[in-house]
Amino acid sequence: MAGPASSTALRFDHVTVRFDEVTALDDVSLEIFEGESCVILGAAASGKTVLLKTALGLIRPDAGRVYVFGREITRLPEDELQRIRARIGMVFQEGGLFDSLTVEENVAYPLRYQPGARYAPEEVRRRVEEALRFVELEHTLEKFPSELSGGMRRRVGIARAVVTEPDLLLYDSPTAGLDPITAYTIMALILKERDTRRATTVVVTQRYQDGVWLSDFRYNPSNGRLELAAGDGEVGGAATRFVVFREGRLAFQGSRAELEGCADPYVAKFARR
Ligand SMILES: Nc1ncnc2c1ncn2[C@@H]1O[C@H](COP(=O)(O)OP(=O)(O)O)[C@@H](O)[C@H]1O
Ligand SMILES: [Mg+2]
């Protein structure tokens, strides 16, 4: 059987993205293997969101190549891109919900409108309920996003991302602006999805603690809590890779131990608890 190292979920090969004067990504090379977790750290405006959008093909690079599940997407036409996007779940910053749609309609959206999606109405209903049960919000089907707290909106965003059972999940700052207890709830859901489905998981965060949860903990299905995993940074045989962005450049990539031992003072700042 092929090991996890044999296939990459995401690969950036010398990728540069420019907007007028800003170089949002500057010659970025990065590989994330299937089943791995990746923690992306970096100051505001360092290129984290642009990286995720480039992985989805929403932004096309000015130079370099992007591969998703081994397939080069850099110049793929939109219809083919959409088929690859269907295998990726994205949780946008702040949840990115449609305000005019109910929770149920938001979560059903990828099942109803994703190109190539062919789900019978009762299958849509079943999956939506399952996804909302996953985030413990099955009682909010008829509510609108404005009626929910910030933490609940993030959870609906997670339900919408996992409803298609994607192989790769991208979370953009899922705990930003949340209190520590709500942030823990969100991280527990991210680990629950990762550890029950073995989905490749990429998390952008400004909180080092989120990276510690990902690298050292696993989800315990019997009590719904996170517990320390055996081994060093290896959860279920797959490692957690830490990446630090600085002004569009990769300032660091490696394990948690390597990050904590990094001599570069800029990088070391991100390893502080
Ligand atoms: N659509 C856009 N048009 C112009 N500039 C952009 C656009 N998207 C991002 N940028 C710029 O690219 C840089 C990186 O942005 P971003 O990836 O959103 O940062 P962050 O690390 O905070 O997520 C920033 O300077 C931002 O202003
Ligand atoms: Mg951002």
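Residues numbered from 1 in each chain as written. Chains lettered and ligands numbered in written order. Predicted model: local features only at pLDDT ≥ 70, side-chain atom pairs only at ≥ 80, totals over all residues. Heavy atoms only, no water.

## Re the overall build of the chain
Then step 1. Secondary structure assignment for the chain yields 9 helices and 13 strands.
Then step 2. Taking the principal axes of the C-alpha coordinates as reference, the chain spans close to 55 × 45 × 45 Å.
Then step 3. In the chain, which comprises 273 residues, the share counted as buried stands at 52%.
Then step 4. Counting only contacts in the chain whose residues sit at least 6 apart along the sequence, the fraction spanning at least 24 positions is 63%.
Then step 5. Working note: accessible area of the chain is about 12900 Å², and carbon and sulfur atoms make up 49% of it. (Helix = DSSP H or I, 4+ residues; strand = E, 2+ residues; numbered from the N terminus. Buried < 20%, exposed > 50% of the residue type's maximum accessible area, 1.4 Å probe, protein only. Contact = heavy atoms within 4.5 Å. Areas by Shrake-Rupley, 256 points an atom, 1.4 Å probe, with all protein chains shown as cover.)

## Quick word on the environment of Phe 98
Then step 1. Its place among the elements puts Phe 98 in the loop between strand S6 (88–91) and helix H3 (103–113).
Then step 2. Expressed as a C-alpha distance, the spacing of Phe 98 and Ser 146, which sit 48 residues apart in the sequence, is 9.9 Å.
Then step 3. Those residues in contact with Phe 98 that sit more than four places away from it in its chain are Asn 106, Tyr 109, Pro 145 and Arg 160.

## Considering the packing of aromatic side chains
The way to describe two aromatic rings as a pair is by their centre distance and the angle between their planes.
Then step 1. This model, assessed by the stated rule, comprises 6 aromatic pairs.
Then step 2. Where Tyr 184 meets Trp 213, the ring centres are 5.1 Å apart and the plane angle is 75 degrees; that geometry is what we call edge-to-face. Of the two residues, Tyr 184 sits in helix H6 (residues 180–197) while Trp 213 sits in helix H7 (residues 208–216), which places them 29 residues apart along the sequence.
Then step 3. With relative accessibility at 16%, the residue Trp 213 sits in the buried group.
Then step 4. One aromatic cluster is present, formed by Phe 98, Tyr 109 and Tyr 113 through successive ring pairs.
Then step 5. Directly above the ring of Tyr 67 sits Arg 11, whose terminal nitrogen or CZ lies 4.5 Å from the centroid.
Then step 6. The ring of Phe 69 is capped by Arg 87, whose NZ or CZ atom sits 3.8 Å from the centre of that ring. (Phe/Tyr/Trp six-rings, centres within 6.5 Å; stacked < 30°, edge-to-face > 60°. Lys NZ or Arg CZ within 6 Å of the ring centre and 35° of its normal.)

## Describing the site of ligand 1
Then step 1. Taken together, Phe 19, Val 22, Ala 24, Ala 43, Ala 44, Ala 45, Ser 46, Gly 47, Lys 48, Thr 49 and Val 50 make up all the residues around ligand 1.
Then step 2. At 3.1 Å from an oxygen atom of ligand 1 is found a main-chain nitrogen or oxygen belonging to Gly 47.
Then step 3. For ligand 1, an oxygen atom lies 2.8 Å from a polar atom in the side chain of Thr 49.
Then step 4. Bound to the protein, ligand 1 loses 60% of the 560 Å² it would expose on its own.
Then step 5. Only strand S2 (22–33) and helix H1 (48–55) provide two or more residues apiece to the shell around ligand 1.
Then step 6. In terms of residues, the shell around ligand 1 owes the most to one element, H1, which gives 3 residues.
Then step 7. Of the residues belonging to the shell around ligand 1, the class tally is 7 nonpolar, 3 polar and 1 charged. (Near = heavy atom within 4 Å. Polar contact = N/O pair within 3.5 Å; in protein donor to acceptor, adjacent residues only side chain to side chain. Nonpolar A, V, L, I, M, F, W, Y, C, P; charged D, E, K, R; others polar.)

## Quick word on the nonpolar core
Then step 1. Residues Val 107, Leu 132, Ile 158 and Leu 259 are the most contacted members of the largest nonpolar core, which totals 50 residues.
Then step 2. For this core, the element with the most residues is H6, which contributes 7 residues.
Then step 3. When near neighbours in sequence (up to four residues on either side) are disregarded, Leu 259 contacts Leu 41, Tyr 208, Phe 242, Val 244, Phe 252, Val 267 and Ala 271.
Then step 4. Judged by nonpolar contacts, the second largest core, of 33 residues, contains Val 15, Val 17, Ile 32 and Phe 69. (Core = buried A, V, L, I, M, F, W, Y, C linked by side-chain atoms within 4.5 Å.)

## Section: the packing of H3 against helix H4 (residues 121–134)
Then step 1. Remark: H3 packs on H4, axes separated minimally by 9 Å, with the N-to-C direction vectors making an angle of 120 degrees. By the angle between their directions, the pair H3 and H4 is classed as oblique. The two elements H3 and H4 meet at a crossing, and its hand is right-handed. Contact residues: Val 103, Glu 104, Val 107, Ala 108, Leu 111 and Arg 112 in H3; Val 124, Arg 125, Arg 127, Val 128, Ala 131 and Leu 132 in H4.
Then step 2. Counted by class, the contact of H3 with H4 contains 8 nonpolar, no polar and 4 charged residues. (Axes fitted to C-alpha atoms, helices over the stretch in contact; angles between N-to-C directions. Parallel < 35°, antiparallel > 145°, perpendicular 65-115°, else oblique. Left-handed = near helix turned anticlockwise from the far one by under 90°.)

## Side note on H7
Then step 1. Here H7 lies mainly inside the structure; 8 of its 9 residues are buried.
Then step 2. Within the span of H7, buried status applies to Tyr 208, Asp 210, Gly 211, Val 212, Trp 213, Leu 214, Ser 215 and Asp 216.

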